[in-house]
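Tertiary structure, described
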Amino acid sequence: MDQRLLNWGIFLLLCLTWGSSFILMKLGLLSFSPYQVAGLRLISAGVVLLPFFFKFIRQTPRNKIPVIILSGLLGNGIPAYLFCIAETRIDSSLAGMLNSFTPVFALLFSLLLFRAPVQRRQLAGLAIGFIGVICLFLAKGVDANEYWYYGLFIVAATACYGLNIALVHHYLKGYSTLQLVSISLFFMALFSAPVLIFSDFTLAFARSENAWVSLGASMVLGVMGTGVASLLFYQLIRSAGAMFASMVTYGLPVVAIGWGLLAGEHVNGWQVLCLAGIMGGVYLVSRK
């Protein structure tokens, strides 16, 4: 019971952290390009965990390092850029809702690539949660003038997330959470540094009065939304399984609605009902 409570605590904390990431991306994009925001995010996360990288890199078998780098690319590197590009045209709450495709891809890759066993109850919970997200999406409505097709960048990012969840669950489960995250994010920071350096990053401080706000938001996004959140997410995969961990993305619209309330947006009974359906689906997936 204590472990289940801990898993739910990590689940809720991840929902809050990742659900807030979309707002932080928007703040970063006030002054920086999507490539700069993504680069700042990944470099900040890698720098914070750098002391642990030097400790764990010596303890990791060489044949596992390419797998860990691939996990970093799928779980953080590629999605960081795809999300920032998408949010130049679509709003943060829509991004949070589209992120809910992750469990679908996690299930698909687990079945197709790893022949993982899935219970009917989990399939039912996955379907209920996904239907809840779709209904919430419809209840919110989408402006026809928006560049809605930029949402395809987020769908591509969720495919990366889903493949990474299956990869970690089947190939990297024997390694500590801090070991995987510190090594993978070091290489993501290394790969992102040239992108940031050659993008005339410093010119933003001369052009925009919001540059320091954008810098702070991007760094918080990296430290909390990537570094700390990745630690929690890898731990959740290890302790609760890939399917339950992937359901975190079903909780993100709940946080998006919460940010909407704080911003003075109206929340109706239909949206509350959809949120209840989402959490009911999560419960079915996690129940013993």
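Above this text is the structure in question.
This structure is a prediction, so every number in the text was calculated from the model and none was measured. (Residues numbered from 1 in each chain as written. Predicted model: local features only at pLDDT ≥ 70, side-chain atom pairs only at ≥ 80, totals over all residues. Heavy atoms only, no water.)

1. Comments concerning the overall build of the chain
Across its full length, the chain carries 14 helices and zero strands. Ordered by position from N to C terminus, the α and β elements of the chain give α-α-α-α-α-α-α-α-α-α-α-α-α-α. When burial is assessed residue by residue, the chain has 52% of its 288 residues classed as buried. Partitioning the intrachain contacts of the chain with sequence separation of at least 6 by distance along the chain shows that 91% fall at a separation of at least 24. A total of about 13,200 Å² of accessible surface is found on the chain, and carbon and sulfur atoms cover 69% of it. (Helix = DSSP H or I, 4+ residues; strand = E, 2+ residues; numbered from the N terminus. Buried < 20%, exposed > 50% of the residue type's maximum accessible area, 1.4 Å probe, protein only. Contact = heavy atoms within 4.5 Å. Areas by Shrake-Rupley, 256 points an atom, 1.4 Å probe, with all protein chains shown as cover.)

2. Notes on empty space enclosed by the protein
Summed over all chains, the structure comprises two cavities of 30 Å³ or more. By volume, the largest cavity amounts to about 260 Å³. Every residue lining the largest cavity is counted, 21 residues in all, and those nearest its centre are Trp18, Gly75, Asn99, Tyr161 and Thr249. At the level of secondary structure, the elements contributing two or more residues to the lining of the largest cavity comprise α1 (2–28), α4 (65–86), α8 (151–171), α11 (211–240), α12 (242–246) and α13 (248–262). Residue composition of the lining of the largest cavity, grouped by class: 10 nonpolar, 10 polar and one charged. Each pocket or cavity is described by its volume, and for the second largest cavity that value is around 40 Å³. What lines the second largest cavity is simply Arg41, Leu42, Gly75, Asn76, Pro79, Ala80, Tyr161 and Thr226. If you list the elements that add at least two residues to the lining of the second largest cavity, you get α2 (34–48) and α4. (1 Å grid on protein atoms, 1.4 Å probe; cavity = no way out; pocket = protein on both sides within 12 Å on 5 of 7 lines; lining within 4 Å. Points joined across faces, edges and corners; volume = space filled by probe spheres on them. Nonpolar A, V, L, I, M, F, W, Y, C, P; charged D, E, K, R; others polar.)

3. A short note on the side chain of Ser110
Relative to the helices and strands, Ser110 is located in helix α6 (residues 102–114). A polar contact of 2.8 Å, which involves the side chain of Ser110, links it to the backbone oxygen of Ala106. (Polar contact = N/O pair within 3.5 Å; in protein donor to acceptor, adjacent residues only side chain to side chain.)

4. Some points on the packing of α1 against α11
As a packed pair, α1 and α11 sit with axes 9 Å apart at the nearest point and diverge in direction by 155°. The angle between α1 and α11 falls in the class roughly antiparallel. In the crossing of α1 with α11, the sense of the turn from one axis to the other is left-handed. When the residues that make up the contact of α1 with α11 are grouped by side-chain class, the tally is 17 nonpolar, 10 polar and no charged. (Axes fitted to C-alpha atoms, helices over the stretch in contact; angles between N-to-C directions. Parallel < 35°, antiparallel > 145°, perpendicular 65-115°, else oblique. Left-handed = near helix turned anticlockwise from the far one by under 90°.)

5. Thoughts on α11
With 30 residues, α11 extends 40 Å between its outermost C-alpha atoms, agreeing within 8% with the 44 Å of an ideal straight helix rising 1.5 Å per residue. Along α11, the helix axis deviates most sharply at Ala229, where the bend reaches about 35°. Once α11 ends, the next one or two residues include Gly241, with phi positive near 100°. (Expected span 1.5 Å × (residues − 1). Bend = angle between axes of the 7 residues up to and from the residue.)

6. Topic: a nonpolar patch on the surface
On the surface, Leu108, Leu111, Leu112 and Leu113 cluster together to form a nonpolar patch covering roughly 360 Å² of accessible area. Residue placement: Leu111 occurs in helix α6. (Patch = residues over 30% accessible without salt bridge, like charges linked within 9 Å, V, L, I, M, F, W, Y side chains within 5 Å. Salt bridge = Lys/Arg side-chain N within 4 Å of Asp/Glu carboxyl O.)

7. Remarks on unusual backbone geometry
Even without being a glycine, Asp200 presents a positive backbone phi close to 55°. In this structure, Asp200 sits in the loop between α9 (177–197) and α10 (204–207).

8. Remarks on the side chain of Thr102
Its place among the elements puts Thr102 in helix α6. A relative accessible area of 2% means that Thr102 is categorised as buried. Dropping the residues within four chain positions of it, Thr102 is found in contact with Thr158, Tyr161, Gly162, Ile165, Ser246 and Thr249.

9. Quick word on the environment of Tyr250
Residue placement: Tyr250 occurs in helix α13. The exposure class of Tyr250 is buried, given its relative accessible area of 0%. Note: C-alpha distance between Tyr250 and Cys15 (235 residues apart in sequence) is 8.4 Å.

10. Let's talk about the packing of α9 against α11
Relative orientation and spacing of two packed helices are given, respectively, by the angle between their axes and the distance between those axes. Relative to each other, α9 and α11 sit at 135°, their axes nearing to 9 Å. Here α9 lies oblique to α11, going by the angle between them. Between α9 and α11 lies a crossing of right-handed hand. Residues Thr177, Leu178, Leu180, Val181, Ser184 and Leu185 of α9 form the contact with α11, whose participating residues are Thr226, Gly227, Ser230, Leu231, Tyr234, Gln235 and Arg238. In the contact of α9 with α11, the residues fall into six nonpolar, six polar and one charged.

11. Observations regarding the packing of aromatic side chains
As enumerated under the stated definition, the model contains 15 aromatic pairs in all. Among the aromatic residues, those joined into a ring-pair cluster are Phe53, Phe54, Phe186, Phe187 and Phe191. (Phe/Tyr/Trp six-rings, centres within 6.5 Å; stacked < 30°, edge-to-face > 60°.)

12. Regarding the environment of Phe11
Its location among the elements puts Phe11 in helix α1. What makes Phe11 buried here is its relative accessible area of 0%. The spatial distance from the C-alpha of Phe11 to the C-alpha of Phe233 is 8.3 Å, given a sequence separation of 222 residues.

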